[in-house]
Amino acid sequence: VDWKRERFTLDEGFSRAVRQAFKKLYEDGLIYRDKYIINWCPNDLTALSDLEVEHEEEEGYLWYIKYPLVDGSGYITVATTRPETMLGDTAVAVNPSDERYKHLINKKVKLPLVDYIRKSLDGQEVGWEIPIIADERVKPEFGTGAVKVTPAHDFNDFEIGKGHNLPSVCVMDEQARMNENAGKLEGLDRYEARKLIVEELQHLGLLEKVEKHTHAVGKCYRCKTVLEPMVMTQWFVKVSDDRIKKKAYQVVQNNQIEFVPESWKKIYLQWIENLKDWCISRQIWWGHRIPVWYCQDCGHINVFTDEDFDRVYDKLIFNLLADGKIAQEFTPEEVAHILNSPSFVHPEMTVLEFYKKFAFHRYDSTEVDAHSLRLFFTQDLNPMAILTQKSSRYRYNKETKKYTFVLRCKKCSSENLKQESDVLDTWFSSALWPFGVFGWPENTKDLKSLYPTDLLVTGFDIIFFWVARMVMMGTYFMEEIPFKDVYIHALIRDEKGQKMSKTKGNVIDPLNIIEKYGADALRFTLAILTQQGRDIKLSERRFEGYKHFANKLWNAARFILLNLDDDLLSNLPYVAPPRPEDLWILTLLNETIKEVNQALQEYNYSKACQALYDFIWSEFCDWYIEMAKHRLYAKVDPSLPEEEQRRQEQEIKKERICVQSNLLYVFERTLRLLHPFMPYITEELWLSLPTAHGESVSLMEYPQHNPGEVFSEQKQKVEKLKAIITAIRALRSDLKIEPSKKIKLFYRGEKDLVNEMSHHIMLLAKVSSLEEVEEKPQGTVAGFSGDFEFYIPVSEGINVEELINSYQKRLKDVLADLEKFERKLSSEGFLKKAPPEEVQKTQEIYNELLTEKEKIQNIINILTQAR
RNA sequence: AGGCGCGUAGCUCAGUUGGGAGAGCGUCGCCCUUACAAGGCGAAGGUCGGCGGUUCGAGUCCGCCCGUGCCUACCA
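Residues numbered from 1 in each chain as written. Chains lettered and ligands numbered in written order. Predicted model: local features only at pLDDT ≥ 70, side-chain atom pairs only at ≥ 80, totals over all residues. Heavy atoms only, no water.

### Structural notes on the protein's contact with RNA strand B
With respect to spatial proximity, 55 residues lie near RNA strand B, and among them Trp 617, Tyr 633, Lys 820, Lys 833 and Glu 838 are the closest. Here the atoms of RNA strand B within 4 Å of the protein split so that 57% fall in sugar or phosphate, with bases taking the remainder. Within the backbone of Ala 556, one N or O atom sits 3.3 Å away from a base nitrogen of RNA strand B. At 3.5 Å from a sugar or linking oxygen of RNA strand B is found a main-chain nitrogen or oxygen belonging to Gly 829. When residues in the surface near RNA strand B are grouped by element, the largest group, nine residues, is from helix H17 (residues 541–562). Along the lines of polarity and charge, the residues of the surface near RNA strand B split into 19 nonpolar, 17 polar and 19 charged. (Near = heavy atom within 4 Å. Polar contact = N/O pair within 3.5 Å; in protein donor to acceptor, adjacent residues only side chain to side chain. Helix = DSSP H or I, 4+ residues; strand = E, 2+ residues; numbered from the N terminus. Nonpolar A, V, L, I, M, F, W, Y, C, P; charged D, E, K, R; others polar.)

In structure tokens form, the structure reads like this:
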């Protein structure tokens, strides 16, 4: 992380960028203020954007209410889930093609319970006779096919109301209590009012029936209060405008921006297609205050940014004022104090320095420093000077000894301005992040060289909130995409798959995990689990295994370092030729390097981790280190003549250097490879290596695949050896021979391999002597791996039945496989249509299985006879 | 209501373009073998949700169904 560039959305420079963006959008007609129906939280007393609404299915009722026709010819029944809003009805709507109601269109109904004049939002008087209108949006099949229209409290009705010029009657106050339009119900909570209205309707015989009904209810994401749609004056960004929408769509459509995994592309595009204007004003305290000043005299809406002022000091003071750091009336001392105090985000610099660095590049020629600041306040802000300059920005109050920063209406020059009290949706500033952090609107060096970035890593839950809006604002203000790739990582859920949240209290605290398992285990666990794309069910246990992995690595390092000769590096050219296992591990290392690099290229962190885990634990530790011991622990035979001993010592030394350097070489590359996933332990171990010379592993080149270090012949040889050793171990285990007990072993086949690597078999399978035979010796039990057959002498009392069972199970598996392959190979279609190499491969496997079958059967026969 | 995703070993999940079902944890057995008991070695455990289709061949592709999770939505 580049901490030098750390930024905060509410820091001095960023706030300035927010004002600048607001002003530009406003002047371009892309921000507007309008009376519109919005989601209102009656508890938090603020508007919410559509995205902040959480829909929840709820059991409710559908009430069927009779509205009498004014001409006395009967009534029309409407169905509603919210009877309390009927007091705000201004029409009843039916579908124009609905034969049942065609004759009623344009007639009037008497709104029940209302016998008083209501006031619409724009001040009209509205009576109790309301029209029956026709609208396509009404679905004849739902309810009665007739719907009450409440433009002030329903999104759909609001649209219908607009289309038919209906008045909007709001029946609730901001806390969702019934207001004066509710007549005698005024002051009641909306749910109490609902109850009373239903009772009253029933009493009047106007309630036709009630049905149970489940429907989605919009709730506040913060407090879960059921939201009330309200018509209010709010600020909106016109994201539906082609200047924003089109570009944001195109750049993803044509893959200038790519989502990983790709499936999110479709989801993004669908959302953009259905964009509705974005309500950005919030009636809360925390946030960027909307930079709008209403003229109380002429009504003009003034948007100010520091561009409206000429001198750098004016700009500074305006920003301090707009950021709420000083009041409109202030003293020079306050300003000086703020400018000279440490910046919040970068305490190593003062606020003034922060401004210079992140906000006022353009004015670098102007010397803004403490000295000139003092001059400014003593000269420019000299009370006398101010008094003589009519147009001055400042006014001095002799009594309070404070200065006032004067804002004037751009239209009528009135000073009677009032700032908008609403703040901006937090995502408005976040949308500016990719360029705001680099000093925009100034065309800084950072902005030029670091925008756009390569990669954004984020969670799917904020694709719309954040990613989409960064794309919109980036393409609009910068005329270029903000980032190339968007990696959507998994969302971590708790053990039961529930989303973690502070309110639910099911959060796993990373600090706690670090304390218990280590930062590397935490990081590695998350990286290896992140494959699943959409969500991770995380339980604390998961960290334990990877803590063990870190421990394993640590111990491997201990082994290597403990067995390193001090003079290794100086002896390095002096080595014995590499053994097959040296070339084998190099080959596997390179395969791992290839796989990790490729996985990282594809953002497949899990695959990279998995490859590293397997290589380090299952190959390097389990096999290579074990095989290395043979050469590391070799000792001179004291029974030899002295001369011979000296010669042997030389030989051993050479072999030691060979294996040590190879251990070091492989481990060193492994550490580099693992470093991004386990930074702390790898750095610690790296620095302890003699090759490190005190330089951080993070500065080393990341390992790249080296074709010169791939040896397939040796790889195959060692893999065969491993299989042989494993087979011997398995039979030992079946024979209940203690792991530490050394055994005599007879064998047949694979003579060359045994000649070259018998010492490994002896060491790793605990064999005391290895003797080639023509056929199975008496008193032994046979086992095999491929062409290698071996015979372990058995003492009395081994459980033959168990052994037979074990082989019989193996036989069963082989027979099942054989049958499958037989069927395949006898199928004409397969032989004719499958690719020849596939047929050949199948034939080979079949032959192997056949041999295996015979061998097992043979062993079983012998065991059965011995029974 | 639409859209997206997921159902593979007891649990959590891998499984690249279709070609002999895998890992980790857990379980069981044997071991304190000079890096590591936070370990070693070995083993058991699966009609890959169900049905049908395409194909010589399906965990993998297509359709339907069941279960499950999420997102979006103005069905009053």
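### So, the packing of aromatic side chains
Under the definition given, this model contains 44 aromatic pairs. Taking the centre distance of 4.7 Å and the plane angle of 40 degrees together, the rings of Phe 549 and Tyr 613 count as tilted. Taken together, the positions of Phe 549 in helix H17 and Tyr 613 in helix H20 (residues 605–632) put the pair 64 residues apart, joining distant regions of the chain. Put simply, the rings of Trp 293, Phe 304, Phe 309, Phe 318, Phe 330, Tyr 394, Tyr 396, Tyr 403 and Phe 405 touch in pairs and so form one group of aromatic residues. Taking NZ or CZ as reference, Arg 469 lies 3.8 Å from the ring centre of Trp 278, over its face. Sitting over the face of the ring of Phe 821, Lys 824 holds its NZ or CZ atom 5.9 Å from the ring centroid. (Phe/Tyr/Trp six-rings, centres within 6.5 Å; stacked < 30°, edge-to-face > 60°. Lys NZ or Arg CZ within 6 Å of the ring centre and 35° of its normal.)

### A short note on the nonpolar core
Core analysis: the largest hydrophobic core is formed by 108 residues, its most contacted members being Phe 620, Leu 663 and Phe 667. No other element matches the 14 residues that H20 contributes to this core. Ile 244, Leu 269, Ala 431 and Leu 447 belong to the second-largest nonpolar core, a separate cluster that totals 58 residues. (Core = buried A, V, L, I, M, F, W, Y, C linked by side-chain atoms within 4.5 Å. Buried < 20%, exposed > 50% of the residue type's maximum accessible area, 1.4 Å probe, protein only.)

### Quick word on the sheet that holds strand S6 (residues 108–110)
Strands pair in a sheet through their backbones, by hydrogen bonds, and they do so in one of two ways: parallel or antiparallel. With respect to topology, four strands assemble into an open sheet ordered S6-S9-S5-S10, the strand pairing being mixed. Pairing within the sheet leaves two strands with one partner each, and these edge strands are S6 and strand S10 (146–149). Looking at each pair of strands side by side, their axes are set apart by 30 degrees on average, direction ignored. Bridge count for strand S5 (residues 91–94) against strand S9 (residues 129–134) is three bridges, and the pairing is parallel. Bridge pairing in S9 links Val 92 to Ile 132. (Pairing = 2+ DSSP bridges. Axes fitted to C-alpha atoms, helices over the stretch in contact; angles between N-to-C directions.)

### Some remarks on a nonpolar patch on the surface
On the surface, a cluster of nonpolar side chains totalling about 200 Å² of accessible area is made up of Leu 569, Leu 572 and Val 575. Its place among the elements puts Val 575 in the loop between helix H18 (568–571) and helix H19 (580–601). Since its relative accessible area comes to 34%, Val 575 is described here as partly exposed. (Patch = residues over 30% accessible without salt bridge, like charges linked within 9 Å, V, L, I, M, F, W, Y side chains within 5 Å. Areas by Shrake-Rupley, 256 points an atom, 1.4 Å probe, with all protein chains shown as cover. Salt bridge = Lys/Arg side-chain N within 4 Å of Asp/Glu carboxyl O.)

### A short note on the sheet that holds strand S20 (residues 402–405)
Ordered in space as S18-S20-S19, the three strands form an open sheet in which the pairing is antiparallel. The sheet is open, and its two borders are formed by strand S18 (329–330) and strand S19 (394–397), each paired with just one other strand. Those strands touched by helix H6 (residues 312–322) are S18, S19 and S20, and its axis lies near 90 degrees from that of S20. (Contact = heavy atoms within 4.5 Å.)

### Some thoughts on the side chain of Glu 442
Mapped onto the fold, Glu 442 is located in the loop between helix H12 (433–436) and helix H13 (445–450). Owing to a relative accessible area of 2%, Glu 442 belongs among the buried residues under this scheme. Within the local environment of Glu 442, its side chain forms a polar contact with the side chain of Arg 16, the two groups lying 2.8 Å apart. Leave out the neighbours within four places in its chain, and Glu 442 touches Arg 16, Ala 359, His 361, Arg 362 and Leu 447.

### Describing the environment of Ile 743
Mapped onto the elements, Ile 743 comes out in strand S27 (residues 743–748). By relative accessible area, which is 6% here, Ile 743 ends up buried. Separated by 61 residues in the primary sequence, Ile 743 and Ile 804 place their C-alpha atoms 21 Å from one another. Beyond its immediate chain neighbours, meaning those up to four positions away, Ile 743 contacts Arg 732, Ile 737, Lys 766, Val 767, Ser 768, Ser 769 and Ile 792.

### Re helix H14 (residues 463–478)
Counting buried positions over the 16 residues of H14 gives 14, a clear majority of the element. Positive phi shows up at Glu 479, right after H14, with a value of about 55 degrees.

### Structural notes on the confidence of the model for chain A
This prediction gives chain A a mean pLDDT of 89; 96% of its residues lie at or above 70. Across the interface, the model reports ipTM at 0.93; the global pTM reads 0.84. (pLDDT = per-residue confidence, 0-100.)

### Here's the deal with the side chain of Arg 7
By the element assignment, Arg 7 lies in the segment before helix H1 (12–27). By relative accessible area, Arg 7 is classed as buried at 8%. A polar atom in the side chain of Arg 7 sits 3.2 Å from the backbone oxygen of Val 437. Every residue in contact with Arg 7, bar those within four places of it in the chain, is listed here: Gly 13, Phe 14, Val 345, Phe 354, Phe 358, Trp 433, Gly 436, Val 437 and Gly 439.

### Thoughts on unusual backbone geometry
Glycine aside, residues mostly have negative phi, and peptide bonds are mostly found in the trans state. With an omega of 10 degrees, the peptide bond between Trp 440 and Pro 441 qualifies as cis. Within the secondary structure layout, Pro 441 lies in the loop between H12 and H13. Residue Tyr 451 is joined to Pro 452 through a cis peptide bond whose omega torsion reads -5 degrees. By secondary structure assignment, the location of Pro 452 is in the loop between H13 and strand S23 (453–459). The phi dihedral of Leu 45 is positive, around 55 degrees, even though this residue is not glycine. One can find Leu 45 in the loop between strand S1 (31–41) and strand S2 (46–48). Judged by its relative accessible area of 29%, Leu 45 is partly exposed. In this model, Ala 176 sits at a positive phi of 65 degrees, which is unusual for a non-glycine residue. By the secondary structure assignment, Ala 176 is in the loop between helix H2 (155–163) and helix H3 (190–204).

### Observations regarding the pattern of salt bridges
What the rule picks out here adds up to 59 salt bridges. Measuring nitrogen to oxygen at the nearest pair gives 3.3 Å for the salt bridge that ties Lys 23 to Asp 308. Pair noted here: Lys 23 is in helix H1 and Asp 308 is in the loop between strand S17 (301–303) and H6, with a separation of 285 residues, a long-range link. What makes Asp 308 partly exposed here is its relative accessible area of 24%. Of the charged contacts in the structure, one is a salt bridge between Lys 24 and Asp 28, with a shortest N-O distance of 2.8 Å.

### Description of helix H4 (residues 242–253)
Within H4, the full set of buried residues consists of Ile 244, Ala 248, Val 251 and Val 252. The buried residues of H4 occupy an angular sector of 95 degrees when projected down its axis, which confines them to one face. As for H4, its buried residues are in contact with strand S12 (228–237), strand S13 (258–260), helix H5 (263–273) and H14. Sitting at the amino-terminal end of H4 is Asp 241, which places a side-chain oxygen 2.8 Å from the backbone nitrogen of Arg 243. Once H4 ends, the next one or two residues include Asn 255, with phi positive near 65 degrees. (Arc of directions from axis to C-beta.)

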